[in-house]
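In case you want the letters, here they are:
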Amino acid sequence: MVLLGSDGSSVHSNQQGVHEQLHKTLERHRGKAFQKPIAEHTKSAFEAVQARLNTEPDRPLVLDSGCGVGESTQHLAQRHPKAWVIGIDKSAHRLGKSSADTPKLQSLVHQQDNALWVRADLIDFWRLAQQAQWRPTHHYLLYPNPWPKSEHLQRRWHGHSIFATILALGGRLELRSNWRLYVEEFHQALRFYEIAATPAESFTPTTLITPFERKYTERGEPLYRLTAVLPTDFQRE
């Protein structure tokens, strides 16, 4: 199976169906918090974002996790004009790129109207957000790295021990991918926690909001998505 990876290049998967170890992996992670110390850089970045949010604390929160060059954050900020829309990516190189409309990130946080871009480690940022009791109304995971090799299951967000933290943040979660199997596994992982979600569905975007989405569409690749309203009282136990 061939699909495009997170850098847009072709990669191969040796996996034909939902990973046979998915359920065991989720069971092993159940009730166990991710223990790695939080990086100082991400802590500083989170504090800088929180300071911006505190200037208008009544705005809803929207997360664009793994925003890449940040184009999607700007689109989502227009879609959610009353919210703070936070685009997070760990790569200074990606966030240093910009289109005519998307600013380069030249400090810890860059703000344009209601959009904020921040360079931070997602895993650490999510943990800090949970500790701060953030309750985003929407959370977007747009074309995450598929880690398509079978042995990389635990690098996919639904196979990682951070998955329960993503769920605990709550809100309306939307996942998009060009690999149907990734979305199907994510759906199974939600079912493991008894969370209802739309099954993997193919869709045609009315507006292309990321460079990958544009590239995949131009190449005629099918795109898939999943949505779920996460419970406000999620328990990882």
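Position labels on residues start from 1 in each chain and follow its written sequence. Local features in this predicted model are restricted to residues of pLDDT 70 or higher, and side-chain atom pairs are both shown and tallied only at a pLDDT of 80 or more, whereas totals for entire chains, interfaces and linings draw on every residue. The side-chain figures draw on all heavy atoms in the structure; neither hydrogens nor water molecules are used.

## Let's talk about the pattern of salt bridges
Whenever Lys or Arg places a side-chain nitrogen within 4 Å of a carboxyl oxygen from Asp or Glu, that contact is recorded as a salt bridge. Applying the stated criterion across every chain, the model contains 10 salt bridges. With a shortest N-O distance of 3.2 Å, Glu-56 and Arg-59 are connected by a salt bridge. Exposure categories follow from relative accessible area, calculated using a 1.4 Å probe and restricted to protein chains: below 20% of the type maximum is buried, above 50% is exposed, and the middle band is partly exposed. A relative accessible area of 37% means that Glu-56 is categorised as partly exposed. What makes Arg-59 partly exposed here is its relative accessible area of 24%.

## Here's the deal with the packing of helix H2 (residues 40-53) against helix H5 (residues 122-131)
Running from N to C, H2 and H5 point in directions that differ by 50°, and their axes come no closer than 10 Å. Taken together, H2 and H5 sit at an angle that is classed as oblique. Judged by the twist between their axes, the crossing of H2 over H5 is right-handed. Residues Thr-42, Lys-43, Phe-46 and Val-49 of H2 touch H5, and the partners they reach there are Asp-124, Phe-125, Leu-128 and Ala-129. Lines are fitted to the C-alpha atoms to define the axes, a helix being fitted only along its stretch in contact, and any angle between axes, read from their N-to-C directions, falls within 0 to 180 degrees. Put simply, DSSP H or I for four residues or longer makes a helix, DSSP E for two residues or longer makes a strand, and each gets a number counted from the N terminus. Working rule for angles: under 35 degrees goes down as roughly parallel, over 145 as roughly antiparallel, 65 to 115 as roughly perpendicular, anything else as oblique. In a left-handed crossing the near helix is turned counterclockwise from the far helix by less than a right angle, and in a right-handed crossing that turn is clockwise. Any two residues whose heavy atoms approach within 4.5 Å at even a single point are treated as in contact.

## What to know about the confidence of the model for the protein
A score between 0 and 100, pLDDT records how confident the predictor is in each residue. Per-residue confidence for the protein gives a mean pLDDT of 89; residues scoring 70 or more make up 87%. Confidence drops under pLDDT 50 across residues 4-11; counting only partners more than four residues distant or on other chains, this segment forms 27 contacts.

## Section: the pairing of strand E3 (residues 61-65)
The side chains of a regular strand alternate between both faces of the sheet. Counting buried residues in E3 gives five out of five residues, a clear majority hidden from the surface. Side-chain alternation along E3 places Leu-61, Leu-63 and Ser-65 on one buried face and Val-62 and Asp-64 on a second face that is also buried. Pairing between strands is defined by DSSP: at least two bridges between them are needed. Here E3 runs beside strand E4 (residues 84-89); their pairing, made up of five bridges, is parallel. Note on E4: the bridge partner recorded for Asp-64 is Gly-87.

## Observations concerning the nonpolar core
Formed by 50 residues in total, the largest nonpolar core has its most connected members in Ile-86 and Trp-134. Tallying contributions element by element places helix H7 (residues 180-192) first for this core, with seven residues. Nonpolar cores are built from buried Ala, Val, Leu, Ile, Met, Phe, Trp, Tyr and Cys residues. Side-chain atoms within 4.5 Å join them into one set. Core analysis: the second largest hydrophobic core is formed by 15 residues, Val-62, Ala-115, Tyr-140 and Phe-203 among them.

## Things to note about the sheet that holds strand E6 (residues 115-119)
Within a sheet, each strand pairs with its neighbour through backbone hydrogen bonds, oriented either parallel or antiparallel. One open sheet holds the eight strands; their spatial order is E5-E6-E4-E3-E7-E8-E10-E9, and the pairing between them is mixed. Each end of this open sheet is capped by a strand with a single partner; those strands are strand E5 (109-112) and strand E9 (201-203). Mean inter-strand twist for the sheet, computed between neighbouring axes without regard to direction, equals 20°. The sheet contact formed by strand E8 (residues 171-177) and strand E10 (residues 223-230) spans seven bridges and is antiparallel. By the bridge assignment, Arg-176 is partnered in E10 with Arg-225.

## Let's talk about the packing of helix H1 (residues 22-29) against H7
Here H1 crosses H7 at 45°, and the two axes come no closer than 10 Å. Classified by the angle their axes make, H1 and H7 are oblique. Viewed along their axes, H1 and H7 form a crossing whose handedness is right-handed. The segment H1 lies against H7, with Leu-22, His-23, Leu-26 and Glu-27 engaging Glu-185, Gln-188, Ala-189 and Phe-192. By residue class, the composition of the contact of H1 with H7 is four nonpolar, two polar and two charged. For this scheme, ten residues count as nonpolar: Ala, Val, Leu, Ile, Met, Phe, Trp, Tyr, Cys and Pro. Four count as charged, namely Asp, Glu, Lys and Arg, and the remainder, Gly too, count as polar.

## What to know about H2
Across its 14 residues, H2 extends 20 Å between first and last C-alpha, which sits within 8% of the 20 Å expected from 1.5 Å per residue. Along H2, the residues that are buried comprise Thr-42, Ala-45, Phe-46, Val-49 and Leu-53. Projection of H2 onto a plane perpendicular to its axis shows the buried side chains occupying an angular sector of 100°, all on one side. Check the buried side of H2 and you find it contacts E3, E4, E5, E6 and H5. For a helix, the expected span equals 1.5 Å multiplied by the number of residues minus one. Within this analysis, the arc is defined by the directions that extend from the helix axis to the C-beta atoms.

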